[in-house]
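Commentary on secondary and tertiary structure
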Amino acid sequence: GTKPNAESTLYEGELTLKATATLKVIAIDADDYASAVVEQKFTKNESASGAGETTLVTDASTLAIGDQIVIVASDYNYALSTTQNGNNRGQAAVTKDGNNITYGADVQIITLEGGSVDGTFAFNVGTGYLYAASSSSNNLKTKVTLDENGSWAVSVTDGIASIIAQGSNTRNVMQYNPNNNSPLFACYASASQKALVIYKYYSGPACAHTNT
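The notes below deal with the structure included here. (Residues numbered from 1 in each chain as written. Predicted model: local features only at pLDDT ≥ 70, side-chain atom pairs only at ≥ 80, totals over all residues. Heavy atoms only, no water.)

1. Topic: the nonpolar core
Of all hydrophobic cores here, the largest spans 27 residues; its most connected members are I71, F123, W152, I163 and M174. Ignoring sequence-local partners within four residues, the contact set of M174 consists of I71, L80, F123, L140, W152, I163, A186, C187 and L196. Grouped together as the second largest cluster of nonpolar side chains are eleven residues, V70, V94, Y103 and V197 included. (Core = buried A, V, L, I, M, F, W, Y, C linked by side-chain atoms within 4.5 Å. Buried < 20%, exposed > 50% of the residue type's maximum accessible area, 1.4 Å probe, protein only. Contact = heavy atoms within 4.5 Å.)

2. Some thoughts on the side chain of N177
Turning to its location among the elements, N177 is positioned in strand β14 (residues 173–177). A relative accessible area of 16% means that N177 is categorised as buried. Only 3.0 Å separates the side chain of N177 from the backbone nitrogen of N179, close enough to count as a polar contact. Setting aside anything within four residues of it in sequence, one finds N177 in contact with S182, P183, L184, Y188 and Q193. (Helix = DSSP H or I, 4+ residues; strand = E, 2+ residues; numbered from the N terminus. Polar contact = N/O pair within 3.5 Å; in protein donor to acceptor, adjacent residues only side chain to side chain.)

3. Observations regarding the environment of V197
Structurally, V197 is set in strand β16 (residues 196–201). Judged by relative accessible area, V197 falls into the buried class, the value being 6%. It is 9.9 Å that separates the C-alpha atoms of V197 and T157, two residues lying 40 residues apart in sequence.

Okay, here's the thing in structure tokens:
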């Protein structure tokens, strides 16, 4: 928060912030010439668990690169989880309350990025990107590199989300399968399983950062 000068602490390498903070930094060369002060506010993203932090997406045009979302079964209290099975994603319990949900750390928080196909999103899950992985099996996997099979066209009609990968793998429609033995989220050749909805993580204006 303080304005830095040549006597301020010199940081070399990584700096870890454990709470919301405003950093003010300058660069000073060997001849003591200083850059302009650059200011950036970083706001701690508290645990995503809890109520009132999400809102149901009813219009896909409200989604943007950088948003964080949760994918949930429309008629079930389960979301796509952090558990990556061999060929699909597991489920994690949520509690629905109107347009909000309450959920725990086992729910996958997805960060939206631009897909490799115009007008699509890539689903960054922290370890890579979700992608439709097959034309012969109902696979939903994660990989580090992004391609068309990990580029998702998203539309929303009456609150129901259509999430379709745009690559050559034809089992590309993300759905929820409530199979009693092993409920899962996977990709199918058509909307043959259970529909999905999207909740967007929302933390209010305090999350904004300002560059000056």
